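Breakdown of the fold
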Amino acid sequence: MKKRSVYSQILRIKYKNSIIKTRLTVSVPSITNYTGCDPNFRWDYSKYNGSGITIAVVDTGIYNHTALSGRVLHGKDFTGSGTANDTDGHGTHVAGIIASNHPLYRGVAPGVSLINVKALGSTGVGNSFWVIEGIEWALIQNNFSVDIITMSAGATAEANGTNGFACFVDYIVKYFNVMWINAAGNNGATASIDVPGDAYNCITVGNIDDKNTINRDDDSISSTSSRGPTDDIPRIKPDICAPGENIISCNNGLGFVQKSGTSMATPHVAGAAALLWQYYHKNPIFGISENYYPMLIKAILLHTAEDMGTPGPDYTYGFGYIDLVNANK
């Protein structure tokens, strides 16, 4: 089947609803404080919780959830709905994985600030022009400084790294010194990476099933997580994997809801990147400007990930399973 043009609709990365189990209380420690890790290198949230770092969430909007109180700096709608509020639930769930301050369902980086870029509508569908307008607004037309962009969405198009959307992502990362973290997709087949996950400069995220245990020994790739390679050289994609199965996070209303997919894995990586950014902001490396932090943090995340699958980077896990304990060493 011929792949759709990159400028057609962007479909939200699909997820499924299941029986509710405790998940952020599993998925977050599985990357920051997992069973059997060296206690000297567990992530110290008393010092580094993402404070001072800003993440733009490109999604269906963010609901005014109590667990996100004080976390959302600003928001704007680019879908024509007239409100930046989330009427779908996907964007609020993503935001909660990053920044929830609920005592049980706490996010990866509960101290970060969020910018709500609503570029997907109430059914989870948008287009690349809405995303481009939203990113322009977030980076250029406001006084706040965005460090990280996370988008749990993609389009079925030729993932060759030279399509218009991938080139846009690469340009944004290069010239605005930000990180772009994108979901790989939920197609589950070889060479099924969604656009713009094929962009050279973004971090493309696959979905790990943590089996509802903090112990990582039983964790494995989800059957639905999109695999590489890209359609050009070919190149390794995804870049890294994170927990994304049956994750409980904020609902667009009261309470919490469970969802699955690379949509849920992606904000885990965005939150982890914020933690590292705050660390290096407080502990700068002599001779390295903060303009280089996106490259530094990407390199650290990829090269400290736990190698899974075939030895070395591969088309299923990328560089491996995100591991902030190893990064902390």
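Let us look at the structure shown here. (Residues numbered from 1 in each chain as written. Predicted model: local features only at pLDDT ≥ 70, side-chain atom pairs only at ≥ 80, totals over all residues. Heavy atoms only, no water.)

**As for the overall build of the chain**
In terms of helices and strands, the chain carries 8 helices and 13 strands. Over its C-alpha atoms the chain spans a radius of gyration of 18 Å, differing by no more than 12% from the 20 Å that the globule rule assigns to 329 residues. Considering the chain as a whole, with its 329 residues, one finds that 59% of them fall into the buried category. The long-range fraction of contacts in the chain, counting pairs at least 24 apart against all pairs at least 6 apart in sequence, stands at 78%. Carbon and sulfur atoms provide 52% of the accessible area of the chain, an area that totals close to 12,600 Å². (Helix = DSSP H or I, 4+ residues; strand = E, 2+ residues; numbered from the N terminus. Rg over C-alpha atoms; globule rule 2.2 N^0.38 Å. Buried < 20%, exposed > 50% of the residue type's maximum accessible area, 1.4 Å probe, protein only. Contact = heavy atoms within 4.5 Å. Areas by Shrake-Rupley, 256 points an atom, 1.4 Å probe, with all protein chains shown as cover.)

**Let's talk about the side chain of T79**
Structurally, T79 can be placed in the loop between strand 3 (72-77) and helix 3 (90-99). Looking at T79, its side chain comes within polar contact range of the main-chain nitrogen of S81, at 3.3 Å. Other than its neighbours up to four places away in sequence, T79 contacts K118, A119, L120, G121 and W130. (Polar contact = N/O pair within 3.5 Å; in protein donor to acceptor, adjacent residues only side chain to side chain.)

**A closer look at unusual backbone geometry**
That bond from I233 to P234 is cis: its omega, 10°, falls within 30 degrees of zero. Examined against the element boundaries, P234 turns out to sit in the loop between strand 10 (220-221) and strand 11 (240-243). In this model, K237 is joined to P238 through a cis peptide bond whose omega is 5°. Phi is positive for A191, close to 55°, though the residue is something other than glycine. Looking at where A191 falls in the secondary structure, it is placed in the loop between strand 8 (179-183) and strand 9 (203-209). Given the relative accessible area of 28%, A191 is considered partly exposed.

**Some remarks on the environment of P39**
Secondary-structure assignment places P39 in the loop between helix 2 (29-32) and strand 2 (54-59). Taking the C-alpha atoms as reference points, P39 and V325, 286 residues apart in sequence, are found 8.9 Å from one another.

**So, the nonpolar core**
Within soluble globular proteins, side chains that are nonpolar generally end up buried alongside one another. Core analysis: the biggest nonpolar cluster contains 58 residues, and I148 and L301 have the highest contact counts within it. At 11 residues, helix 6 (residues 262-282) tops the list of elements feeding residues into this core. Setting aside residues up to four positions removed in sequence, I148 forms contacts with I53, T54, I55, A56, M179, I181, A270, A273, A274 and W277. Counting residues in each nonpolar core, the second largest holds 30 residues, with L139, A153, F165 and W180 among its members. (Core = buried A, V, L, I, M, F, W, Y, C linked by side-chain atoms within 4.5 Å.)

**Side note on the packing of helix 3 against helix 6**
Where helix 3 contacts helix 6, the two axes come as close as 8 Å, and the packing angle between them is 35°. For the pair helix 3 and helix 6, the crossing hand works out as right-handed. On helix 6, the residues touching H90, H93, V94, I97 and I98 of helix 3 are S263, M264, P267, H268, A270 and G271. When the residues that make up the contact of helix 3 with helix 6 are grouped by side-chain class, the tally is 6 nonpolar, 5 polar and no charged. (Axes fitted to C-alpha atoms, helices over the stretch in contact; angles between N-to-C directions. Left-handed = near helix turned anticlockwise from the far one by under 90°. Nonpolar A, V, L, I, M, F, W, Y, C, P; charged D, E, K, R; others polar.)

**Focus on the pattern of salt bridges**
Enumeration over the complete set of coordinates arrives at 3 salt bridges. Measuring nitrogen to oxygen at the nearest pair gives 2.9 Å for the salt bridge that ties R216 to E306. One end of the pair, R216, is in the loop between strand 9 and strand 10; the other, E306, is in the loop between helix 7 (293-303) and helix 8 (324-328), with 90 residues separating them in the sequence. (Salt bridge = Lys/Arg side-chain N within 4 Å of Asp/Glu carboxyl O.)

**A closer look at a nonpolar patch on the surface**
Residues I285, I288, Y292 and M295 make up a contiguous nonpolar surface patch of roughly 380 Å² in combined accessible area. The exposure class assigned to I285 is partly exposed, which follows from its relative accessible area of 34%. (Patch = residues over 30% accessible without salt bridge, like charges linked within 9 Å, V, L, I, M, F, W, Y side chains within 5 Å.)

**Comments concerning helix 3**
Of all 10 residues making up helix 3, 10 are buried, and the element is well covered by its neighbours. Of the positions making up helix 3, those classed as buried are H90, G91, T92, H93, V94, A95, G96, I97, I98 and A99.

**Quick notes on the pairing of strand 3**
Both strand 3 and strand 4 (residues 113-118) contribute to a ladder of 5 bridges, which runs parallel. Paired with D77 across the two strands is K118, which belongs to strand 4. Handedness of the strand 3-helix 3-strand 4 crossover: left-handed. (Pairing = 2+ DSSP bridges. Right-handed = clockwise from strand over helix to strand, strands pointing away.)

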